[in-house]
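# Structure assessment
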Amino acid sequence: MDVTVIADSTADGLTPVTAQLVGAAASIGGNTTVLCPGGVGAAEAASISSVSKVVSVEGDCFGTYEGGAWATALDSQATGDLVLAAASPRGRDIASSLAALRKIPVIQDATGLEAGLVVSRPIYSGKAMETSNVDGPCVITLRANAFDAAPDGGTADISTVNQTADMSLAVKEAIAKASERLDVTEADIIISGGRGMGEPSNFSHLNEIADMIGAAVGASRAAVDTWEEIPHSMQVGQTGKTVTPSLYIAVGISGAIQHLAGMKTSKYIVAINKDPDAPIFGVADYGIVATWEDALPALKTELAKL
Amino acid sequence: MAIGVLLKQVPDTTAKIGVSGGRVDESAVSKWSMSPYDEYALESALKLKESSGGDVVAITCGPARAGKMLTDAAAVGADTLMHVQIDGQDSIDSTQIQSVLVAALEKAGCEVVFCGKQAADTNGGSTGPGVAMLMGASCVSHVSEVSADAGGYTALRASSGGAERVHVSAPCVFAFDKGLEELRRPNVRGIMMAKKKVIETVSPEDLGVSMGESRVTVISHSPPPEKPPGQKFEGADSVATVVSKLRDEANVI
Ligand SMILES: Cc1cc2nc3c(=O)[nH]c(=O)nc-3n(C[C@H](O)[C@H](O)[C@H](O)COP(=O)(O)OP(=O)(O)OC[C@H]3O[C@@H](n4cnc5c(N)ncnc54)[C@H](O)[C@@H]3O)c2cc1C
Ligand SMILES: Nc1ncnc2c1ncn2[C@@H]1O[C@H](COP(=O)(O)O)[C@@H](O)[C@H]1O
């Protein structure tokens, strides 16, 4: 089956999900073409094994993000019956627009994919799983870290296509992030604080630890809602961001069901909470019953030894 | 001007989801609510009406029980309520639901549409961009604020660098993230008025939509995979143990 992978990228190049999309395509025997919107990461994509072709799709529309326009520009190059994209905010957006343009179904956030097209994915914020069968062409987005990445070692040809689409959106003002910290959706390790941190200034301890291990700092909704200094962009959970890092460290977070909805599928979860009965311990691989005042200095010391 | 708001009724975020006979057991859901992001979409639509006029048309597609959610929307200020009644929502695919919603929006004459970025049951995020594409409208996703400006609208959306203010003109769809504003709560008068409000109930056929066959067939629902029970340690002294386990057992640092 011909599979088209829409590369997931930031201004800095491909995100790790792209190689996972290729890995998933290869696992069902796909003949894979990778499309690089705006030409970002084409050389990198060509070096992923089991990619047969890379198409760098360049056009004016890729200067500003607009899902509908990007999908329209990518449409003619997405020749596979199966189109895979990342279940990132942009990936989902482009996937839905492309599916609607072609009047074919889109399935979001798959965590399992089998030939014959059997797709499984979490629903109800991870409270259940759904397995379904798709008949005919479709667009599927895949959750980060749910599929094994295809290794390096490819030597695919890169072709460049000029293709743009009408834009209907204009950026009037860019508002920089309050800090230059890594975003939780991009991080492989996340350390999050909740209301148990007591004061927003205490998040500096989390920042310090994050800097030591290259982590992003997240927060519970109670922290975001209580303290102006903690922006909504840091919120993890049902009405915040869904994350699946390799390691999630929850500090002073009780583990309400809406918080769990956003982080429960992290590979490893560490909880630091003074209440031994806090529900967060129900999902933690490693639970530490202690106050953060005691535990975080110890954590800094231990991490410094690594 | 008609401002369309797409609202979906979903199990409350606190509700337990049980699976029986390979299907999520909807009859066991203790409480149904408006999907969380849709609440922000509705709030923002009401704000737009207050600042620039227009009628807020609340539209849902779902089974009979979803009517109550439209009444809740009326209690905070939605002017017109439209319920496209269908059963068995889990067996229709994204193209089907979008074509129904687009037909409802057209019937109500909406050129500006507010919806959630993602419903709490499907967790999809497909509907806003899909509906926009079918309407020939622009879609702005991950929006937290919308206001009218000369010739159209300004929306605040999340971006990789932080946030951006973008301009679009109608027809357009705004898929809402958590908004910046507090959600309004209904007052007694609003609740009383809402009870009297008529819900226009239609079928997809009434809207001239033939649903066709779903191309996605649900094989089964299942409970989420069980995680092996974790290890719990007492006191800050255990931090060293946990760090060495993270390094040697889990291999994540
Ligand atoms: C529709 C809806 C959507 C929601 N969406 C989200 C969401 O996206 N994300 C989210 O997080 N929440 C969400 N919530 C809110 C959620 O229900 C909880 O209220 C919230 O997660 C609680 O945050 P918390 O754990 O930080 O605070 P709390 O529940 O107040 O917990 C604080 C914890 O810190 C511990 N603690 C206190 N002091 C210390 C100390 N010194 N050292 C160590 N531990 C300490 C306490 O034992 C306690 O467990 C949502 C709620 C609703 C209704
Ligand atoms: N059946 C429906 N009725 C009304 N609005 C819907 C329906 N399904 C989805 N929506 C809207 O589209 C948004 C995204 O839904 P989804 O694509 O399922 O994640 C929701 O938050 C609603 O605003």
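Residues numbered from 1 in each chain as written. Chains lettered and ligands numbered in written order. Predicted model: local features only at pLDDT ≥ 70, side-chain atom pairs only at ≥ 80, totals over all residues. Heavy atoms only, no water.

Residue and element names in this part refer to chain A. Following both chains from N to C, one finds helix H5 (residues 203-213) and helix H8 (residues 292-305) inclined at 20°, their axes separated by 10 Å at the closest point. Judged by the inter-axis angle, H5 sits roughly parallel to H8. Once H5 is placed against H8, the crossing between them reads as left-handed. Only Trp292, Leu296, Leu299, Lys300, Leu303 and Ala304 of H8 make contact with H5, whose side of the interface consists of His205, Leu206, Glu208, Ile209, Met212 and Ile213. Within the contact of H5 with H8, the residues separate by chemical class into nine nonpolar, one polar and two charged. (Axes fitted to C-alpha atoms, helices over the stretch in contact; angles between N-to-C directions. Helix = DSSP H or I, 4+ residues; strand = E, 2+ residues; numbered from the N terminus. Parallel < 35°, antiparallel > 145°, perpendicular 65-115°, else oblique. Left-handed = near helix turned anticlockwise from the far one by under 90°. Contact = heavy atoms within 4.5 Å. Nonpolar A, V, L, I, M, F, W, Y, C, P; charged D, E, K, R; others polar.)

For the rest of this paragraph, the subject is the interface of chain B and chain A. Taken together, the 80 residues of chain B in the interface contact 80 residues of chain A. Carbon and sulfur atoms supply 57% of the area that chain B and chain A bury against each other, a total of about 6400 Å² over both sides. Summed over the shared surface of chain B and chain A, the result is three salt bridges. For Asp149 of chain B, the salt bridge identified is with Lys172 of chain A, shortest N-O distance 3.3 Å. The interface formed by chain B and chain A contains 38 residue pairs in polar contact (both at pLDDT 80 or more). When its residues are assigned to classes, the side of chain B that touches chain A shows 34 nonpolar, 28 polar and 18 charged. Where strand S10 (residues 128-134) of chain A meets strand S14 (residues 216-222) of chain B, six bridges bridge the pair, whose relative direction is antiparallel. The residue of S14 of chain B that forms the bridge with Asn133 of chain A is Thr217 of chain B. (Buried area = accessible area lost by both parts, 1.4 Å probe. Salt bridge = Lys/Arg side-chain N within 4 Å of Asp/Glu carboxyl O. Polar contact = N/O pair within 3.5 Å; in protein donor to acceptor, adjacent residues only side chain to side chain. Pairing = 2+ DSSP bridges.)

A few words on the confidence of the model for chain B. For chain B, mean pLDDT is 95; residues scoring 70 or higher make up 100% of the total. Interface scoring of the predicted complex returns ipTM 0.91; its pTM is 0.90. (pLDDT = per-residue confidence, 0-100.)

In this section: the pattern of salt bridges. Using the criterion set out here, one finds 27 salt bridges over all chains in the structure. Asp109 of chain A is the salt-bridge partner of Arg143 of chain A, the closest N and O atoms lying 2.8 Å from each other. Of the two residues, Arg143 of chain A is situated in the loop between strand S11 (138-142) and strand S12 (157-162) and Asp109 of chain A in strand S7 (residues 106-110); the sequence distance between them amounts to 34 residues. The salt bridge partner of Lys245 of chain B is Glu249 of chain B, with a shortest N-O separation of 3.0 Å. Residue class for Lys245 of chain B comes out buried when judged on its relative accessible area of 19%. Where salt bridges share partners, they join Glu43, Lys47, Glu50, Glu181 and Arg184 of chain B into one cluster. (Buried < 20%, exposed > 50% of the residue type's maximum accessible area, 1.4 Å probe, protein only.)

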